[in-house]
2 protein chains.
Amino acid sequence: DALTQGQFDTVYNFLSLVIAAQLFTALFLTFGLSRILPRYRLAITVAIVVCGIAAYHYFRIFDSFKAAFVSDSVGGVDGYTAAVGESFNEGYRYVDWLLTVPLLLLELIAILALARKVQSGLIVRLMVAAGLMIILGYPGEISGDNGVRGLFGLLSTIPFAYILFVLFRQLSKSLATQPVSVRGTLSRLRWLLLLSWGVYPIAYLLPLLNIAGSDAWVAKQVGYSVADIVAKAIYALIIFYVARMKSYDDD
Amino acid sequence: DALTQGQFDTVYNFLSLVIAAQLFTALFLTFGLSRILPRYRLAITVAIVVCGIAAYHYFRIFDSFKAAFVSDSVGGVDGYTAAVGESFNEGYRYVDWLLTVPLLLLELIAILALARKVQSGLIVRLMVAAGLMIILGYPGEISGDNGVRGLFGLLSTIPFAYILFVLFRQLSKSLATQPVSVRGTLSRLRWLLLLSWGVYPIAYLLPLLNIAGSDAWVAKQVGYSVADIVAKAIYALIIFYVARMKSYDDD
Ligand SMILES: CC1=C(/C=C/C(C)=C/C=C/C(C)=C/C=O)C(C)(C)CCC1
Ligand SMILES: CC1=C(/C=C/C(C)=C/C=C/C(C)=C/C=O)C(C)(C)CCC1
């Protein structure tokens with residue numbers, strides 16, 4: 001619970017970067033919405049909502065961080081320590097994920113435009129798994145005990161593995177039925193998903209490694225922040241590109 | 001880390017000027033968007049997003065500046081000193097550039113409407129170079145050491161030179177294929193780019209000159225601010241003019 005000035009500034013700037021990235025991705029998508037055919041607009045609308053929710057939570061996380069660490073040196077040069085009567089609320093991330101992860105899954109399924117029957121079954125199963133994954137991860141995240149962290153991390157990994165497996169199989173299966181113009185993009189999207197979602201459990205596990213306390217914590221914040229940009233904003237821009245291409249093809 | 005009242009007010013007013021310039025350029029472009037043909041709207045949408053991102057960061061920079069310098073004299077007449085527990089976060093500029101410089105390049109390439117294959121190659125190469133330029137500049141900017149500042153400034157200048165070279169050549173090459181009505185404007189835009197982007201490394205280097213500490217710092221803030229207005233807002237208005245002319249010609 002002590003941060004050097006460099007560590008403090010790093011977390012501070014990454015949190016602000018995420019706010020800007022989410023907010024202006026949402027804005028960009030809002031301007032672009034009218035250029036998408038109505039049948040693909042659900043995916044983009046959901047993407048706008050996801051980036052908006054993330055921006056909201058990052059405003060909160062940013063303020064929580066600023067309140068939770070204070071310095072008593074001029075310009076903060078001697079570093080920051082945990083404040084009296086304030087704590088950094090990691091819970092915002094889990095509230096955010098509880099809302100956005102199911103929506104991210106919906107976004108993907110909506111853009112694939114699968115047969116209606118396949119769709120609804122998939123959505124239900126994936127959303128339940130996503131909810132379980134986040135809810136099981138939370139007690140481990142807020143616990144100071146490494147055993148508890150490890151145990152709930154493990155439990156949370158079961159629905160996580162299930163989601164990735166189902167997504168990867170569905171995406172691969174649907175490739176053949178997608179327009180040629182977006183096949184390459186959707187194929188690469190599988191890997192983007194795997195890589196960006198994979199960052200979360202790794203960042204979660206950092207405090208378990210034997211890195212000096214605050215380095216692991218800073219790396220975790222940076223990891224979650226970068227992953228949130230890739231998994232929400234960059235992902236949304238790719239979905240937008242696919243929607244544009246499909247709109248163009250169908251026209 | 002001590003500013004006279006005049007220095008404080010100068011920075012203060014320039015920061016506020018940038019907020020107003022970016023915010024209302026974004027607003028103006030938003031109103032104008034519907035007068036642009038769909039094929040040129042991407043460029044204008046990106047310009048809106050760029051000015052919005054800049055406005056966001058200047059709000060933050062402004063608040064950071066106000067919190068970081070305090071005065072204990074009535075009306076601040078005896079000047080300002082660095083505050084306890086707060087520092088002026090120069091990092092916001094780099095976070096801003098990390099997002100906006102690639103987008104400014106995209107804006108230009110989108111308005112030129114080059115052949116699709118030329119475009120995507122250009123975009124990738126320029127964006128990678130832009131990312132490198134900003135990331136390499138950052139460690140030098142936050143370092144108090146002039147040697148470190150010089151070294152990273154030099155490294156950052158390599159991708160910078162590459163970007164300017166590629167942009168200048170592409171712009172010059174594409175002039176022949178552009179409608180006559182915008183050829184003069186695009187030709188002058190080359191110089192605006194060169195001049196405004198050139199201000200950044202100069203402002204960066206000011207602390208290396210033997211100017212009294214806070215004068216160099218104030219000049220740096222003013223330099224970055226003016227350059228941000230020219231390179232984002234004025235640039236956006238020129239792009240808008242080109243888009244209007246092209247829309248008119250194509251119609
Ligand atoms: C496996 C696992 C986790 C996975 C989290 C994931 C995969 C979160 C994904 C979030 C996304 C995609 C956010 C939106 O942008 C937790 C909860 C950290 C706990 C440890 C085990
Ligand atoms: C060469 C160089 C730099 C160049 C910065 C530039 C060229 C920034 C451009 C910013 C723009 C265009 C902002 C948007 O409006 C740094 C990073 C200061 C570090 C020193 C060397």
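A brief report on the enclosed structure follows. The structure displayed is predicted, hence computed values, not measured ones. (Residues numbered from 1 in each chain as written. Chains lettered and ligands numbered in written order. Predicted model: local features only at pLDDT ≥ 70, side-chain atom pairs only at ≥ 80, totals over all residues. Heavy atoms only, no water.)

**Thoughts on the site of ligand 2**
All names here are of chain B.
Right, on to step 1. The full set close to ligand 2 counts 17 residues, and Leu104, Ser156, Phe160, Tyr200 and Lys232 are the nearest of them.
Right, on to step 2. In isolation ligand 2 offers 530 Å² of accessible surface; the protein chains occlude 100% of this area.
Right, on to step 3. Of all elements in the fold, only helix 3 (91-112), helix 4 (116-142), helix 5 (146-174), helix 6 (180-205) and helix 7 (213-250) reach the threshold of two or more residues within the shell around ligand 2.
Right, on to step 4. Among the residues forming the shell around ligand 2, the class breakdown is 11 nonpolar, 4 polar and 2 charged. (Near = heavy atom within 4 Å. Areas by Shrake-Rupley, 256 points an atom, 1.4 Å probe, with all protein chains shown as cover. Helix = DSSP H or I, 4+ residues; strand = E, 2+ residues; numbered from the N terminus. Nonpolar A, V, L, I, M, F, W, Y, C, P; charged D, E, K, R; others polar.)

**Some remarks on the site of ligand 1**
Residues and elements named next belong to chain A.
Right, on to step 1. Around ligand 1 sit 18 residues in total, of which Leu104, Ser156, Phe160, Tyr200 and Lys232 are the nearest.
Right, on to step 2. Note that an oxygen atom of ligand 1 is positioned 3.4 Å from one of the side-chain N or O atoms of Tyr200.
Right, on to step 3. Within the side chain of Lys232, an N or O atom sits 3.2 Å from an oxygen atom of ligand 1.
Right, on to step 4. With the chains in place, 99% of the 530 Å² that ligand 1 exposes on its own is no longer accessible.
Right, on to step 5. In terms of residue count, helix 3 (residues 91-112) provides more of the shell around ligand 1 than any other element does, 5 residues in total.
Right, on to step 6. Residue composition of the shell around ligand 1, grouped by class: 11 nonpolar, 5 polar and 2 charged. (Polar contact = N/O pair within 3.5 Å; in protein donor to acceptor, adjacent residues only side chain to side chain.)

**Observations concerning helix 5 of chain B**
Residues and elements named next belong to chain B.
Right, on to step 1. Between its first and last C-alpha atoms helix 5 spans 41 Å; for 29 residues at 1.5 Å apiece the expected length is 42 Å, and the two agree.
Right, on to step 2. Along its length, helix 5 reaches its greatest deviation from straightness, about 25°, at Thr157, and the proline Pro159 lies no more than four positions downstream.
Right, on to step 3. Here helix 5 has its buried residues at Arg149, Gly153, Ser156, Pro159, Phe160, Ile163, Leu164, Val166, Leu167, Gln170, Leu171 and Ser174.
Right, on to step 4. Its buried side turned inward, helix 5 meets helix 3, helix 4, helix 6 and helix 7.
Right, on to step 5. Between the side-chain oxygen of the N-cap and the backbone nitrogen of Gly147 there are 2.9 Å, and the N-cap of helix 5 in question is Asp145. (Expected span 1.5 Å × (residues − 1). Bend = angle between axes of the 7 residues up to and from the residue. Buried < 20%, exposed > 50% of the residue type's maximum accessible area, 1.4 Å probe, protein only. Contact = heavy atoms within 4.5 Å.)

**Looking at the pattern of salt bridges**
Right, on to step 1. All chains considered together, the criterion is met by 16 salt bridges over all chains.
Right, on to step 2. Two residues, A:Asp96 and A:Lys232, come together in a salt bridge whose shortest N-O distance is 2.7 Å. Here A:Asp96, found in helix 3, pairs with A:Lys232, found in helix 7 (residues 213-250); they are 136 residues apart in sequence, far enough to count as distant.
Right, on to step 3. Residue class for A:Lys232 comes out buried when judged on its relative accessible area of 2%.
Right, on to step 4. Close ionic contact of B:Arg93 with B:Asp228 constitutes a salt bridge, the shortest N to O distance being 3.9 Å. (Salt bridge = Lys/Arg side-chain N within 4 Å of Asp/Glu carboxyl O.)

**Things to note about the nonpolar core**
Right, on to step 1. A:Phe65, A:Trp197 and B:Trp197 are the most contacted members of the largest nonpolar core, which has 162 residues in total.
Right, on to step 2. Broken down by element, this core gets its largest block of residues, 16 residues, from helix 2 (residues 38-68) of chain B.
Right, on to step 3. If we ignore the near neighbours within four places in the chain, the residues touching A:Trp197 are A:Val101, A:Leu104, A:Leu105, A:Phe160, A:Ile163, A:Leu164 and A:Ala231. (Core = buried A, V, L, I, M, F, W, Y, C linked by side-chain atoms within 4.5 Å.)

**Examining the interface of chain A and chain B**
Right, on to step 1. Counting residues at the interface gives 22 residues for chain A and 26 residues for chain B.
Right, on to step 2. Across the chain A to chain B interface the summed buried area is about 2000 Å²; carbon plus sulfur atoms make up 67%.
Right, on to step 3. Counting across the chain A and chain B interface gives 0 salt bridges.
Right, on to step 4. At the boundary of chain A and chain B, one finds 7 residue pairs in polar contact (both at pLDDT 80 or more).
Right, on to step 5. The set of elements that each furnish at least two residues to the side of chain A that touches chain B consists of helix 1 (5-32) and helix 2 (41-68) of chain A.
Right, on to step 6. Among the elements that line the side of chain A that touches chain B, the one with the most residues is helix 1 of chain A, at 11 residues.
Right, on to step 7. Partitioned by chemical class, the residues of the side of chain A that touches chain B number 13 nonpolar, 7 polar and 2 charged. (Buried area = accessible area lost by both parts, 1.4 Å probe.)

**A closer look at the sheet that holds strand 2 (residues 69-70) of chain A**
All names here are of chain A.
Right, on to step 1. Here we have 3 strands laid out as an open sheet, ordered 1-3-2, and antiparallel in their pairing. What marks the edges here is a single partner per strand, and that holds for strand 1 (2-3) and strand 2.
Right, on to step 2. Bridge count between strand 2 and strand 3 (residues 80-82): 2 bridges; the pairing is antiparallel. Along strand 3, the bridge assignment pairs Val70 with Thr81. (Pairing = 2+ DSSP bridges.)

**Points about the packing of helix 4 of chain B against helix 5 of chain B**
In helix packing, the relevant descriptors are the interaxial angle and the interaxial distance, both defined with respect to the helix axes.
Residues and elements named next belong to chain B.
Right, on to step 1. Close contact between helix 4 and helix 5 brings their axes to 8 Å; oriented N to C, the two are set at 160°. Taken together, the axes of helix 4 and helix 5 lie roughly antiparallel to each other. Seen along the crossing, helix 4 lies across helix 5 with a hand that is left-handed. Only Val148, Arg149, Phe152, Leu155, Ser156, Pro159, Phe160, Tyr162, Ile163, Val166, Leu167 and Gln170 of helix 5 make contact with helix 4, whose side of the interface consists of Leu122, Arg125, Leu126, Ala129, Ala130, Leu132, Met133, Leu136, Gly137, Pro139, Gly140 and Glu141. (Axes fitted to C-alpha atoms, helices over the stretch in contact; angles between N-to-C directions. Parallel < 35°, antiparallel > 145°, perpendicular 65-115°, else oblique. Left-handed = near helix turned anticlockwise from the far one by under 90°.)

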